[in-house]
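Residue strings, one per chain:
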Amino acid sequence: GIRAKALAIRSTWIDPTALERKQAWIDLIVRTGATHAVTLIWNPEDGKLGLGQVRIDTAKLHCRADRALMGKRFNSLPVVQRSGYVGFIEHPETNTHAHFAWRVPVEHHARFEAVLKEWWDRLHPYGDADVQVLYDAAGWASYMSKDQWRAPRAEDAALLLASHTI
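A. Geometry of the overall build of the protein chain. Helix and strand counts for the protein chain stand at six helices and five strands. The buried share among the 166 residues of the protein chain stands at 42%. Counting only contacts in the protein chain whose residues sit at least 6 apart along the sequence, the fraction spanning at least 24 positions is 74%. Working note: accessible area of the protein chain is about 9500 Å², and carbon and sulfur atoms make up 55% of it.

B. Highlighting helix α4 (residues 109–123). Compared with the 21 Å implied by 1.5 Å per residue over 15 residues, the 22 Å span of α4 between its first and last C-alpha is a close match. Every buried residue belonging to α4 is among Phe112, Val115, Leu116, Trp119, Trp120 and Leu123, and all of these are buried. For α4, the angular spread of buried residues about the axis comes to 130°, placing them on one side. Among the exposed residues of α4, those oriented more than 90 degrees off its buried face are Ala110, Ala114 and Arg122. Contacts made by the buried residues of α4 are with β1 (36–41), α3 (51–70), β3 (97–103) and β4 (128–133).

C. Representation of unusual backbone geometry within the structure. Of note in the backbone geometry, His91 takes a positive phi value of approximately 50° without being a glycine. Topologically, His91 is positioned in the loop between β2 (84–90) and β3. A relative accessible area of 43% places His91 in the partly exposed class.

D. Focus on the packing of helix α2 (residues 16–31) against helix α5 (residues 137–144). Close contact between α2 and α5 brings their axes to 9 Å; oriented N to C, the two are set at 125°. Classified by the angle their axes make, α2 and α5 are oblique. At the point where α2 passes α5, the crossing takes the right-handed sense. From α2, Lys22, Ile26, Ile29 and Val30 reach across to α5, where they touch Ala137, Ala138, Ala141, Ser142 and Met144.

E. Region of interest: the pattern of salt bridges. Summed over the entire model, instances satisfying the criterion amount to four salt bridges. Put simply, Arg82 and Asp66 hold a salt bridge, and the shortest N to O gap is 2.9 Å. Note that Arg82 is positioned in the loop between α3 and β2 and Asp66 in helix α3, a separation of 16 residues in sequence. Neither Arg82 nor Asp66 differs from the other in exposure class; each is buried. A salt bridge links Arg122 to Glu118, with the shortest nitrogen-to-oxygen separation between them at 2.8 Å.

F. Representation of the pairing of β1. The element β1 is extensively covered by neighbouring structure, given that five of its six residues are classed as buried. Relative to β3, β1 runs antiparallel, the two sharing six bridges. Across the sheet, Val38 pairs through a bridge with Phe100, a residue of β3. As paired strands, β1 and β4 are joined by six bridges and run antiparallel to one another. If you follow Thr39 over to β4, its bridge partner there is Asp130.

G. Summary view of the packing of aromatic side chains. Enumeration according to the criterion identifies seven aromatic pairs in this entry. Relative to Trp120, the ring of Trp42 lies with its centre 4.9 Å away and its plane at 85°, an arrangement referred to as edge-to-face. A residue pair is termed long-range when its members are at least 10 positions apart, and Trp42 in the loop between β1 and α3 and Trp120 in helix α4 qualify at 78 residues. For Trp42, a relative accessible area of 0% gives the class buried. For the pair Trp102 and Phe112, a centre-to-centre distance of 5.9 Å together with 50° between the ring planes defines the contact as tilted. One end of the pair, Trp102, is in strand β3; the other, Phe112, is in helix α4, and ten residues separate them in sequence. Here the two residues Trp102 and Phe112 agree in accessibility, since each one is buried. Linked through ring pairs, Tyr85, Phe100, Trp102 and Phe112 together constitute an aromatic cluster.

Each value, and the rule that gives it
Residues numbered from 1 in each chain as written. Predicted model: local features only at pLDDT ≥ 70, side-chain atom pairs only at ≥ 80, totals over all residues. Heavy atoms only, no water. Helix = DSSP H or I, 4+ residues; strand = E, 2+ residues; numbered from the N terminus. Buried < 20%, exposed > 50% of the residue type's maximum accessible area, 1.4 Å probe, protein only. Contact = heavy atoms within 4.5 Å. Areas by Shrake-Rupley, 256 points an atom, 1.4 Å probe, with all protein chains shown as cover. Expected span 1.5 Å × (residues − 1). Arc of directions from axis to C-beta. Axes fitted to C-alpha atoms, helices over the stretch in contact; angles between N-to-C directions. Parallel < 35°, antiparallel > 145°, perpendicular 65-115°, else oblique. Left-handed = near helix turned anticlockwise from the far one by under 90°. Salt bridge = Lys/Arg side-chain N within 4 Å of Asp/Glu carboxyl O. Pairing = 2+ DSSP bridges. Phe/Tyr/Trp six-rings, centres within 6.5 Å; stacked < 30°, edge-to-face > 60°.

Given below as structure tokens:
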């Protein structure tokens with residue numbers, strides 16, 4: 001049928017279920033109330049980095065940033081008063097990086113970028129962090145989830161990162 005013809009001529013035909021997956025990811029990410037777009041790049045010294053280490057580093061960064069912003073008792077704050085994130089790891093075998101939609105309480109917006117970058121530099125001096133105020137949540141959600149909706153694989157679940165505060 002049409003699908004076979006489209007695939008045969010290498011068109012840009014997209015499976016309708018892929019578009020449904022795309023919209024589902026966008027809706028999920030937008031519902032988090034994210035305020036910042038964050039990209040973390042690892043650039044490990046030895047070039048090797050496992051998914052487990054990415055998870056550990058992201059959780060450490062989250063903890064240290066919240067403590068710097070909210071004080072020593074940040075863990076006892078209600079979830080809505082803490083920051084939270086959802087994100088995806090990209091290119092884990094080559095150029096490991098991750099894109100996040102990060103929700104930050106408004107009273108901490110002014111310091112968030114500097115704090116996150118400072119702690120990322122301490123954790124990964126060879127890495128980089130890009131932090132931007134999020135003006136188009138749906139657009140960022142579409143970009144950061146691009147690998148999850150086009151051609152999903154069972155192992156893609158391992159690429160999802162989410163804080164317990166989101």
